[in-house]
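Structure assessment
The lines below spell out each chain.
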Amino acid sequence: MNQNLNRILSEQKGKTKLSLLICLSMFVASILLLVNGQMVGLVFLAMSLIMGGALLMRVRRARAELAKLGDNDQAGKKLDGKEAVYYPPFGLTIGPDFAVLERPTLQVFRLGDMKKFEVGLAGDVRKVLFLTDRDGKRHPIAETRKEDDHQADFDRAYRQIRDIFSNGIAET
């Protein structure tokens, strides 16, 4: 069973359904307000159209990100193998070939396409784990602060990424 992939897909589906419900509710409210002669219905109509457009763009972007995983069966096997680990505090799944970040939006990073990984430190207060692509763009995938309880998860994610890079899957 593809637990990680199914979890990712079901969370995306749930977010989409909720956004669609809100968008449709605003649209219906706008129609009802306009039928009753309330001009504020135009504001609701505009907001529902903007929200609908944003939802459509988010769905298209999520599909494009999921396409990076390739075939669902193969992706499911890679994301659910013994090498794949889900880090709930960060919404991050790291597998042998991919890092899948679910927050704030779905992002799939092919580790083979990354040039290096880095840890950014802000004194003793904050640590951020970055993947850097071949163009030099840094992608934050995990962040922890001194006060939170996520230090151990951060360190495990760092070690896992380090091991993947040191095994030659991605360049160091």
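All figures in this text were calculated on a predicted structure; none of them were measured in a lab. (Residues numbered from 1 in each chain as written. Predicted model: local features only at pLDDT ≥ 70, side-chain atom pairs only at ≥ 80, totals over all residues. Heavy atoms only, no water.)

Our focus in this paragraph is the overall build of the protein chain. Looking only at helices and strands, one finds 4 helices and 7 strands in the protein chain. Over its C-alpha trace the protein chain gives a radius of gyration of 20 Å, far above what one expects of a compact globule, namely 16 Å for 172 residues. The principal-axis extent of the C-alpha atoms belonging to the protein chain is close to 65 × 40 × 30 Å. Across the 172 residues of the protein chain, 35% fall into the buried class. Of the contacts made within the protein chain by residues no fewer than 6 positions apart, 47% connect residues no fewer than 24 positions apart. For the protein chain, the accessible area works out to roughly 10200 Å², and carbon and sulfur atoms hold 58% of it. Here the protein chain contributes 26 positive and 21 negative side-chain charges, whose respective centroids are spaced 4 Å apart. (Helix = DSSP H or I, 4+ residues; strand = E, 2+ residues; numbered from the N terminus. Rg over C-alpha atoms; globule rule 2.2 N^0.38 Å. Buried < 20%, exposed > 50% of the residue type's maximum accessible area, 1.4 Å probe, protein only. Contact = heavy atoms within 4.5 Å. Areas by Shrake-Rupley, 256 points an atom, 1.4 Å probe, with all protein chains shown as cover. Lys, Arg positive; Asp, Glu negative; His and termini not counted. Charge placed at Lys NZ, Arg CZ, Asp CG, Glu CD.)

Once that is clear, we can look at the packing of helix H1 (residues 3-35) against helix H2 (residues 40-67). Contact geometry of H1 with H2 gives a least axis separation of 8 Å together with a crossing angle of 160°. Overall, the two elements H1 and H2 adopt an arrangement that is roughly antiparallel. Handedness of the crossing formed by H1 with H2: left-handed. Split into classes, the residues belonging to the contact of H1 with H2 amount to 20 nonpolar, 7 polar and 2 charged. (Axes fitted to C-alpha atoms, helices over the stretch in contact; angles between N-to-C directions. Parallel < 35°, antiparallel > 145°, perpendicular 65-115°, else oblique. Left-handed = near helix turned anticlockwise from the far one by under 90°. Nonpolar A, V, L, I, M, F, W, Y, C, P; charged D, E, K, R; others polar.)

With antiparallel pairing, 3 strands are arranged side by side in an open sheet as E5-E6-E7. This sheet does not close on itself; its edge strands, each paired only once, are strand E5 (114-122) and strand E7 (138-145). Here the average twist between neighbouring strands, direction ignored, is 15°. The pairing of E5 with strand E6 (residues 126-133) spans 8 bridges and is classified as antiparallel. Its bridge partner lying in E6, Glu118 is registered against Phe130. Sheet strands in contact with helix H4 (residues 151-166) are E5, E6 and E7, and its direction is about 25° off that of E6. (Pairing = 2+ DSSP bridges.)

This part takes up the nonpolar core. Nonpolar side chains in soluble globular proteins tend to end up buried together. In terms of nonpolar packing, the biggest core is built from 19 residues, with Leu92, Ile94, Phe109, Leu129, Leu131, Ile141 and Ile161 touching the most fellow members. At the level of elements, strand E2 (92-94), strand E3 (98-101), E5, E6, E7 and H4 are the ones that each hand at least two residues to this core. Per-element tally for this core: the top contributor is H4, with 5 residues. (Core = buried A, V, L, I, M, F, W, Y, C linked by side-chain atoms within 4.5 Å.)

Sheet topology note: the E6/E7 ladder contains 7 bridges and is antiparallel. Note on E7: the bridge partner recorded for Thr132 is Arg138. In textbook terms, the turn of a hairpin is the stretch between consecutive antiparallel strands, and for E6 and E7 this stretch comprises 4 residues, one of which, Gly136, has a positive phi near 90°.

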